[in-house]
Amino acid sequence: MPGRSIKSLNGETVTLENDVLESFAGSLAGEVLTPDHPDYDAARAPWNGMIDKRPALIARCAGADDVTAAVRFARENGLEVAVRGGGHHIAGNCISEGGFMIDLSPMKEVEVRADDRSARVGPGATLADVDGATQAHGLATPLGINSTTGIAGLTLGGGFGWLSRVHGLTVDNLTAANVITADGELLRASEEENPDLFWGLRGGGGNFGVVTSFEYRLHEVGPEVLSGLIVHPFDDARSVLDAYRQFSADAPDEVNPWFVVRKAPPLPFLPEDVHGRLILILPVFVAGDIEPGEKLVAPLRAVGRPIADVIGPHPYAGWQQAFDPLLTPGARNYWKSHNFATLETAALDTILDYAERLPSDQSEIFVGRMGGAAARKPADATAYPHRDAEYVMNVHTRWEAPGDDERCVGWAREFFDTMAAYATGGVYVNFMPADETERVKAAFGPNYDRLAHLKRRYDPDNFFRQNQNIAPGA
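Residues numbered from 1 in each chain as written. Predicted model: local features only at pLDDT ≥ 70, side-chain atom pairs only at ≥ 80, totals over all residues. Heavy atoms only, no water.

Spatially, four strands are ordered E3-E4-E6-E5 in an open sheet, and the strand pairing comes out mixed. Whereas interior strands pair on both sides, the edge strands pair on one side only; in this sheet they are strand E3 (31-33) and strand E5 (81-84). The average undirected angle you get between the axes of adjacent strands in this sheet is 20°. Where E3 meets strand E4 (residues 57-60), three bridges bridge the pair, whose relative direction is antiparallel. Bridge pairing in E4 places Val 32 opposite Ala 59. Across the sheet, helix H3 (residues 64-77) touches E4, E5 and strand E6 (100-103), and the angle it forms with E6 is around 165°. (Pairing = 2+ DSSP bridges. Helix = DSSP H or I, 4+ residues; strand = E, 2+ residues; numbered from the N terminus. Axes fitted to C-alpha atoms, helices over the stretch in contact; angles between N-to-C directions. Contact = heavy atoms within 4.5 Å.)

Okay, helix H12 (residues 405-419) next. With 15 residues, H12 extends 21 Å between its outermost C-alpha atoms, agreeing within 8% with the 21 Å of an ideal straight helix rising 1.5 Å per residue. Every buried residue belonging to H12 is among Asp 405, Cys 408, Val 409, Trp 411, Ala 412, Phe 415, Phe 416 and Met 419, and all of these are buried. Taken around the axis of H12, the buried residues stretch over an arc of 155°, which confines them to a single face. Exposed residues pointing more than 90 degrees away from the buried face of H12 are listed as Glu 406 and Asp 417. Where H12 is buried, its residues contact strand E20 (332-340), helix H11 (345-355), strand E21 (364-369) and strand E22 (391-399). (Expected span 1.5 Å × (residues − 1). Buried < 20%, exposed > 50% of the residue type's maximum accessible area, 1.4 Å probe, protein only. Arc of directions from axis to C-beta.)

Among the structural elements, Thr 170 can be located in the loop between helix H6 (164-167) and strand E10 (174-180). Setting aside anything within four residues of it in sequence, one finds Thr 170 in contact with Pro 142, Leu 143, Leu 154, Thr 155, Gly 158, Gly 159, Phe 160 and Tyr 216.

Just geometry here; none of it tells us what the structure is for.
If you want it as structure tokens, here you go:
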């Protein structure tokens, strides 16, 4: 293995000689990849095709001992470090250009303890890995809505999805974590052990260390749930959204209705003459028994003149993968996001106005329903602070050609700026693109100062800085 020049923490480069690299590689149960390795490009490629960084060195960790060795190796040599779980984050912070990547993706183990409804999960697992293992026992924990998402990034940012109104956020169901800190020490974090670190992990991003295992509380879910889509013509969107707003405000916690505006993909249940045209989609999920759930969602199904209504019993794990075909890796993606306490009439009008100018066929505006159990914790219960968010909007701009970057990004930024008048000012940290460093304090809200002091305790040198970064406090 030849010597390598690698980016250092101070932004300069250091050269690591062959014997140093070979000694490190020999200490791992996993493997070390350099740019000439046949697996290098696959290992470095994140979900977002706009991110094209090339780390000088990748440590593919097989377990916690490898992570400890990698962190200590990086500290001893002053290397800039990025940590990859699922590689799904929009900002691409899992890769350091010219630096050192600690790759957790081989660590996919999921151990379900059905007797006490808990699971221990490795940081390289995806949502599909977790759902597959837990659903074998009729159990689940609140996760996101795209099964290829990595469990680590989702959890450390807060985590919300279809179960959150009835069972809370992902972090509300995290019961413990094992963490390698910046000095290479393994700590266990829970309500009983290192509770301050446990608080910070639940929404503070990757600022405090590398989590090598997560432990979750599980709930009885499925295996079949009532879920599906109601699709309306865009011409009816305004009146349908008025009905949606009232329905979603009154819905009990077990009912979770979202809405999406986009051009119709070629789904088999949509007429061909609709494909490629603007539509309004109402994804609906009900936690609980199917028959009473059908009565709960009946008022929404009775609204307007739907093009399609495919709400019915579906396997929970299948519903969790329903949107995967629209979120495949490799496309260029740029997101902007707002939180809302209410959906004002002017906000809905603005959404529909900008929807008529979507910059690509793959772009969409989705609004997720929050509230319920996720809102009943105080803002300082976890590092994730946005318990006042009743709705979360993600402006999901997605396209293929680099030549369309300026137009697509420009549309998203303009729309985002216009919607700011109706928003709370907060933002979900997992929806922040790389250019939103000025919104970090908004992402952590009233908890930022406490997080900054926690950062100083566990990472005073800001070793873990390839993230939505919290600077160590005074």
